[in-house]
Amino acid sequence: MAVLDIRVLGDPILRDRTEPLPHVTEDLRSLVADMFETMYAAEGIGLAAPQVGRKERVFVMDVDENPLTMINPEIIEREGTERAEEGCLSIPEIFGDVDRATRIVVRATDLDGNQLEVELTELAARCVQHELDHLDGKLFIDYMSLIKRKFTARKWEKEATNYPGFIRKLEPGKTHSRRSRSRGAAAESSAPPFEPEL
Ligand SMILES: [Zn+2]
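Small disclaimer: the values here were computed from a predicted structure and weren't measured. (Residues numbered from 1 in each chain as written. Predicted model: local features only at pLDDT ≥ 70, side-chain atom pairs only at ≥ 80, totals over all residues.)

### Things to note about the sheet that holds strand S2 (residues 46–48)
Strands sit in the order S2-S3-S4-S7-S8 across an open sheet of five strands; the sheet is antiparallel. The sheet is open, and its two edges are formed by S2 and strand S8 (115–121), each paired on a single side. Shown here is a sheet whose adjacent strand axes are inclined to one another by a mean of 40°, direction ignored. Here strand S3 (residues 58–62) runs beside strand S4 (residues 67–79); their pairing, made up of five bridges, is antiparallel. (Pairing = 2+ DSSP bridges. Helix = DSSP H or I, 4+ residues; strand = E, 2+ residues; numbered from the N terminus. Axes fitted to C-alpha atoms, helices over the stretch in contact; angles between N-to-C directions.)

This is the structure we're talking about:
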């Protein structure tokens, strides 16, 4: 297994649509193992293939110690709406509110090639919707108002200089201080004590 480099905003692969996968191959299993390792190293709760420079239609997630691999996922039911703050491993230091369904049923293929249908709520449901967007070349900043997007673009211009070639290299063992930071979203009882980075 290996910790992979994360592609950040500006890398065109984040805007590409992924292609459905006809089979579960050894190559895919190996990619998924690396994606889990990368997601944990980055202290994220979700990671989609384009974020590590790949075109496979797959993402991994782990909310509340429930690791899931979703190949060719589709949301077949959605219910309710909640606005909450999100972040993204591919857009460090940028956060914004996004409306997401509060309950979803997602259908996907797992690593054994079996079809699964999972009902998820709240943060786990939010995570799936964020990752599924990645597989379609969509990012959470696309939901921002024009004004907020302009502000974000200016902030990102400075932030992006930390990532030459739009590559975010993870340092093994390095932890960042996200969890200790207090933000408005933490005041809501349904919100996590830190912004999810997905
Ligand atoms: Zn993301």
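### Some details on helix H1 (residues 26–41)
The periodicity of an α-helix, 3.6 residues per turn, causes residues three or four positions apart to be oriented the same way. Look at H1: 23 Å from first C-alpha to last across 16 residues, which is about the 22 Å you get at 1.5 Å a residue. Three or more residues of H1 are buried, namely Val32, Met35, Thr38 and Met39. Each buried residue of H1 sits inside an arc of 125° when the element is viewed along its axis, so together they form one side. Summarising the geometry of H1, the exposed residues directed more than 90 degrees from the buried face are Glu26 and Ser30. Residues of H1 that are buried make contact with strand S1 (6–7), S2, S3 and S4. (Expected span 1.5 Å × (residues − 1). Buried ≥ 20, exposed ≤ 12 C-beta atoms within 10 Å, placed from the backbone. Arc of directions from axis to C-beta. Contact = placed C-beta atoms within 7 Å.)

### Concerning the nonpolar core
Ranked by internal contacts, the top residues of the largest apolar core, which has 40 residues, are Phe59, Met61, Cys127 and Val128. Elements represented by at least two residues in this core include exactly H1, S2, S3, S4, strand S7 (103–109) and helix H2 (122–135). A per-element tally of this core places H2 first, with seven residues. Discounting chain neighbours no more than four positions away, the residues touching Val128 are Met61, Ile104, Val106 and Leu120. (Core = buried A, V, L, I, M, F, W, Y, C linked by C-beta atoms within 7 Å.)

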